Amino acid sequence: MSPPLVIVCEDGHEYHQRFTRFLGEELTWLRVDDCASALAACARGPIALVFDLDFGRLPPERLVDDAGQTAAQRTRDEIRRLAPMQGIFILRALRSAGVGVPALLCADLDDPARVRFLEKSLAPLTVVPSAAGLGEIARRLRALVPRG
């Protein structure tokens, strides 16, 4: 029996490499980098999703907006607005598509009211500040693994 699947949605490889290196025997890690690939990967039955917030390296035509839509052309202003919040927009699109597995959003958000709003509106979601580190993220993910 293979370890439970966790999908990591990021435009780089940092989270995926770190999680695979340190937690690869406990969990199976699948990296995706945009909304379409995240939605497709969710068909594989993950126990959790882990999101980066800022997708500044993702090609603009693959960025989704507030409604989960891509566009062949994006203005610079749109890119500046969408890329730094892409993790939230992708998770919102997944929730709209019926994906209800727990998610962790790795983000340093200054406004506690905003964190509460996100955690409530995109539940089940936990915003995890970067200062939490790998140990804290691992603890939260281990709590999601079914015990049998």
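Further up the page is the structure itself.
Summary of the structure given here. As the structure is a computational prediction, the values presented were derived from the model and not from experiment.

**Description of the pairing of strand β1 (residues 5-9)**
In step 1: Within β1, five of the five residues are buried, which leaves the element mostly enclosed by the surrounding structure.
In step 2: With burial as the criterion, each face of β1 is covered, one bearing L5, I7 and C9 and the other bearing V6 and V8.
In step 3: Where β1 meets strand β2 (residues 28-32), five bridges bridge the pair, whose relative direction is parallel. Within the sheet, the bridge partner assigned to C9 lies in β2 and is V32.
In step 4: This β-α-β element, β1 to helix α1 (residues 14-23) to β2, shows right-handed connectivity.

**Some details on the environment of S130**
In step 1: Position of S130 among the secondary structure elements: in the loop between β5 (125-128) and α6 (133-142).
In step 2: Among the residues examined, S130 registers a relative accessible area of 49% and is labelled partly exposed.
In step 3: In the structure, S130 is positioned 24 residues away from C106 in sequence and 6.1 Å away in space, judged by C-alpha atoms.
In step 4: Leaving out residues up to four positions away in the same chain, S130 has contacts with A107 and D108.

**Brief notes about the pattern of salt bridges**
In step 1: Counted according to the given criterion, the structure contains 11 salt bridges.
In step 2: A salt bridge links R57 to D11; the nearest nitrogen and oxygen atoms lie 3.4 Å apart. Placement of the pair is R57 in the loop between β3 (48-52) and α3 (76-82) and D11 in the loop between β1 and α1, with a sequence separation of 46 residues.
In step 3: D11 gets classed as buried once you look at its relative accessible area, which sits at 11%.
In step 4: A salt bridge links R62 to D33; the shortest N-O distance between them is 2.5 Å. Here R62, found in the loop between β3 and α3, pairs with D33, found in the loop between β2 and α2 (35-41); they are 29 residues apart in sequence, far enough to count as distant.
In step 5: Among the charged side chains, a network of salt bridges with common partners joins R31, D33, D34 and R62.

**Examining the packing of α1 against α6**
In step 1: At a minimum axis distance of 12 Å, the contact between α1 and α6 shows a crossing angle of 70°. By the criterion of interaxial angle, the relationship of α1 to α6 is roughly perpendicular. On α6, the residues that touch R18, F19, F22 and L23 of α1 are L134, I137, A138 and R142.
In step 2: Per-class residue counts for the contact of α1 with α6 are six nonpolar, no polar and two charged.

**Quick notes on the side chain of D33**
In step 1: Since its relative accessible area comes to 19%, D33 is described here as buried.
In step 2: Within the local environment of D33, its side chain forms a polar contact with the side chain of R62, the two groups lying 2.5 Å apart.

What counts, and where the lines are drawn
Residues numbered from 1 in each chain as written. Predicted model: local features only at pLDDT ≥ 70, side-chain atom pairs only at ≥ 80, totals over all residues. Heavy atoms only, no water. Buried < 20%, exposed > 50% of the residue type's maximum accessible area, 1.4 Å probe, protein only. Helix = DSSP H or I, 4+ residues; strand = E, 2+ residues; numbered from the N terminus. Pairing = 2+ DSSP bridges. Right-handed = clockwise from strand over helix to strand, strands pointing away. Contact = heavy atoms within 4.5 Å. Salt bridge = Lys/Arg side-chain N within 4 Å of Asp/Glu carboxyl O. Axes fitted to C-alpha atoms, helices over the stretch in contact; angles between N-to-C directions. Parallel < 35°, antiparallel > 145°, perpendicular 65-115°, else oblique. Nonpolar A, V, L, I, M, F, W, Y, C, P; charged D, E, K, R; others polar. Polar contact = N/O pair within 3.5 Å; in protein donor to acceptor, adjacent residues only side chain to side chain.

Any functional reading would require information beyond the geometric quantities listed.
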